[in-house]
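# Analysis of the macromolecular model
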Amino acid sequence: ASVLTAVAATVGVPMPDDADRAAVRSSWEEGTTRGVLGSPHFFCGGRDVFCPTLELSRDEDGLHAHRDTARLEAFITACFAGAPS
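This section reports on the structure supplied with the text. Remember, it's a predicted structure, so these values are computed and weren't measured experimentally.

With respect to the helices and strands, the residue Asp-68 is situated in the loop between strand 4 (62-67) and helix 3 (69-80). Buried within the structure, Asp-68 lacks any salt-bridge partner; Arg-71 is the closest side chain of opposite charge, at an N-O distance of 5.1 Å. Looking at Asp-68, its side chain comes within polar contact range of the main-chain nitrogen of Arg-71, at 3.0 Å. Filtering out sequence-adjacent residues up to four positions away, Asp-68 remains in contact with Pro-52, Thr-53, Leu-54 and Glu-55.

Structure follows, in structure tokens:
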């Protein structure tokens, strides 16, 4: 709470109230229901993909992230397939 108070004061925004906390909780619950793995997670029709621009992996040396533009392009192409032009 002290860190959040300091950040809010630094950027000049009020502390979250009960309505803010309820909105965050509702969004989190919806994401859990939909199977969100993290951010960003995109949904398009019956398809969904977590972080489509990155290939993430982990090994004994740690977490590795590699750009995967082909994966993003495939997801976008699939989303717009059959969409009205």
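Turning next to the pairing of strand 3 (residues 54-59). Here six bridges tie strand 3 to strand 4, and the two strands are oriented antiparallel to one another. Each bridged residue has a counterpart across the sheet, and for Glu-55 the counterpart in strand 4 is His-66. Adjacent in sequence and paired antiparallel, strand 3 and strand 4 are bridged by two residues.

The rules behind the values
- Residues numbered from 1 in each chain as written.
- Predicted model: local features only at pLDDT ≥ 70, side-chain atom pairs only at ≥ 80, totals over all residues.
- Heavy atoms only, no water.
- Helix = DSSP H or I, 4+ residues; strand = E, 2+ residues; numbered from the N terminus.
- Buried < 20%, exposed > 50% of the residue type's maximum accessible area, 1.4 Å probe, protein only.
- Lys, Arg positive; Asp, Glu negative; His and termini not counted.
- Salt bridge = Lys/Arg side-chain N within 4 Å of Asp/Glu carboxyl O.
- Polar contact = N/O pair within 3.5 Å; in protein donor to acceptor, adjacent residues only side chain to side chain.
- Contact = heavy atoms within 4.5 Å.
- Pairing = 2+ DSSP bridges.

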